[in-house]
Amino acid sequence: QALSEIEGMGGRGSNLHELRVRPLAKRRVDMHSFCNPSFQRSPYLSARGNFANVFQGSSEEGYKAYHADKYDEEKNPNGINFFGTSENKLCFDLMCKRLTQADMNVMDPSLLQYPDWKGHLFLREEVARFLTYYCKAPAPLKAENVIVLNGCGSLFSALATVLCDPGEALLIATPFYGGITQSVFLYGNVRLVYVYLDSKITGTSTRPFQLTVEKLEKALQDAQAEGITVRALILLNPQNPLGDIYSLSELRDYLEFAKRHELHVIVDEIYMLSVFDESATFHSVLGMDRLPDPQRTHVMWGITKDFAVSGIRFGTLYTENQDVANAVASLCYFHGVCGPVQHKVAQLLRDRDWINQVYLRANHARLKAAHTYVTDELKTLGVPFLNRNAGLFVWIDFRKYLKTGTFEEELLLWKRFLDNKVFLSCGKAFECSEPGWFRIIFADKTNRLQLGMQRIRKVLEEREQEILAEEKEQPCQSDQDGKADSTDEVIFVSRHQDPICASNSSLGDLIGLLQQQMRSSDWLQKNTAEQFA
């Protein structure tokens, strides 16, 4: 909620639960108060400072536990397996070797002075060439349209600040990477309006959690009806946490929708080189022959995910709108990238042979192997998930392990995993509309994945036994409120292709899958011969 609508958080105000908010916000569960219901305001902080403290405190429990008990093969083998933050831990060997070669270690006087706040020209030129090549741009991209900041989080903050006034909003589909909420709100006091997606395949949807123009239109109309001004649409492609890759026609539809309503479009393509299967094709907005509204289309990318270097803070924005570019550049004073790092990034991006012949080949092979291991384990457990080929994560359906299907139960399951030394991200952290979905990061070493999956299996088997015992004690309550209908459950959703064409799926796998799905639901009990008769 906008700070202008929050009362009682600064000075002698009351705690977080005594807020007065608009009707739209009342219909939404506040993730931060949900995760940390005992939070009290500090008399030492302003209202803005207290809200920043809420963001810091909301995920504190899990991260504190992890940092106090990190898993280490030798020093702490009973520590916590951390599959919560989206980091690629598979290519440290390749990146350490490349970043310590002689061409990287340059210390020119110009690198020790203040740069152009948009970034050194040599780096912006290299970024333009890099994006032209990997985004398959129809014409060479221009360095004058490139701005460099210390990460995509800073880019979200800067764009929200220059595109929106305090209290205005950005449109985004859920579930989405929750860090965006913090990025756009803490500095710019900009809110998010959610386009709620779910796993049901109905209407124009052809896959779970599918974003459609109809859903965008409805969310925008609802916000406008409540007096909320929406300035832009955020698109994540590939999508985090779903792993979806938008087709060219979908992208065009979203951009045309934004043009009709004079909305800016912020496209985050930070996983564009983390598409690890040849059967999936990524389309960059920058590769489109014609943008419906070029002056309102802004694309960001960074090296954090694709090059497994989240500790090097580097993100880049490409926009043809010079007013936006200059406004964002004015904020680069707070979010600049130091000169020596700019040199290293430029050297990395220009080494096209190494990227194509060494790094991407190895990275994609390692990602695919890790993804296959985790998803095979989930299939063995009979756990549904979205089977995608992009990103560093799998979106898992643990709904059958929630007896009543509530977010409170989801939180208890998350804590259960944490108590058993495995850290996952629960769906509420992504503003998922359905309780029971979790995200796991698979871009990790094999031995860590094996141990993590063993711990996950233990929790799920224990939970399954508990639910069975509870159902025996309460035989009349076979159809609890809030539990997902079997027809709504996701069954190992495959790539965006007709199942008949999926050459890598056997008939035996499909039959086994359907058998497992029927056994884990009450479909057979509901649909007896007598009932059909």
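To start, this report covers the structure provided alongside it. All of these numbers come straight from a predicted model, not from anything done at the bench. (Residues numbered from 1 in each chain as written. Predicted model: local features only at pLDDT ≥ 70, side-chain atom pairs only at ≥ 80, totals over all residues. Heavy atoms only, no water.)

### Quick notes on the packing of helix H7 (residues 152–163) against helix H11 (residues 322–335)
Two elements in contact, H7 and H11, have axes whose closest approach is 9 Å; the angle formed by their N-to-C orientations is 130°. As far as their axial angle goes, H11 and H7 are oblique. Here H7 runs over H11; the crossing is right-handed. On the side of H7, the interface is formed by Ser154, Ala158, Leu159, Thr161, Val162 and Leu163, while H11 contributes Val324, Ala327, Val328, Leu331 and His335. (Axes fitted to C-alpha atoms, helices over the stretch in contact; angles between N-to-C directions. Helix = DSSP H or I, 4+ residues; strand = E, 2+ residues; numbered from the N terminus. Parallel < 35°, antiparallel > 145°, perpendicular 65-115°, else oblique. Left-handed = near helix turned anticlockwise from the far one by under 90°. Contact = heavy atoms within 4.5 Å.)

### Side note on the sheet that holds strand E6 (residues 264–268)
One open sheet holds the seven strands; their spatial order is E2-E8-E7-E6-E5-E3-E4, and the pairing between them is mixed. Whereas interior strands pair on both sides, the edge strands pair on one side only; in this sheet they are strand E2 (146–149) and strand E4 (191–196). Averaged over all neighbouring strand pairs, the angle between strand axes comes to 25°, with direction disregarded. Summarising the sheet, E6 and strand E7 (residues 297–302) pair through four bridges and their orientation is parallel. Each bridged residue has a counterpart across the sheet, and for isoleucine 266 the counterpart in E7 is histidine 298. Packed onto the sheet, H7 meets E2, strand E3 (169–174), strand E5 (230–236), E6, E7 and strand E8 (315–319) and runs at close to 160° relative to E7. Along the sheet, helix H8 (residues 179–186) makes contact with E3, E4 and E5, crossing E4 at roughly 150°. (Pairing = 2+ DSSP bridges.)

### A few points about helix H15 (residues 446–473)
Here H15 contains 28 residues, and its C-alpha end-to-end distance of 41 Å stays within 8% of the 40 Å for a straight helix at 1.5 Å per residue. Regarding H15, the residues found buried are Arg448, Leu449, Gly452, Met453, Arg455, Ile456, Val459, Leu460, Arg463 and Ile467. Residues of H15 that are buried sit in contact with strand E1 (81–82), helix H13 (352–381), helix H14 (407–419), strand E10 (422–423) and strand E12 (437–441). (Expected span 1.5 Å × (residues − 1). Buried < 20%, exposed > 50% of the residue type's maximum accessible area, 1.4 Å probe, protein only.)

### Brief notes about the environment of asparagine 145
Considering the arrangement of structural elements, one finds asparagine 145 in the loop between helix H6 (121–134) and E2. Considering only alpha carbons, one finds asparagine 145 and alanine 325, 180 residues apart in sequence, at a separation of 6.9 Å. For asparagine 145, the residues in contact, after removing those within four places along its chain, are Leu317, Tyr318, Thr319, Glu320 and Gln322. At a separation of 2.8 Å, a polar atom in the side chain of asparagine 145 contacts the side chain of glutamine 322. (Polar contact = N/O pair within 3.5 Å; in protein donor to acceptor, adjacent residues only side chain to side chain.)

### Comments concerning the pairing of E2
The alternating pattern of E2 places Val146 and Val148 on one face and Ile147 and Leu149 on the opposite face, and all of these are buried. Across four bridges, the pairing between E2 and E8 is antiparallel. Along E8, the bridge assignment pairs isoleucine 147 with leucine 317.

### Here we look at the sheet that holds strand E11 (residues 425–426)
Strand pairing in a sheet relies on backbone hydrogen bonds, with the paired strands running either antiparallel or parallel. Across the sheet, which stays open at both edges, the three strands sit in the order E9-E12-E11 with antiparallel pairing between neighbours. Only two strands of the sheet have a single partner each, and these edge strands are strand E9 (393–397) and E11. Of the strand pairs in this sheet, E9 and E12 are connected by five bridges, and their pairing is antiparallel. Paired with aspartate 397 across the bridge in E12 is tryptophan 437.

These results come straight from atomic positions and should not be treated as a statement about function.
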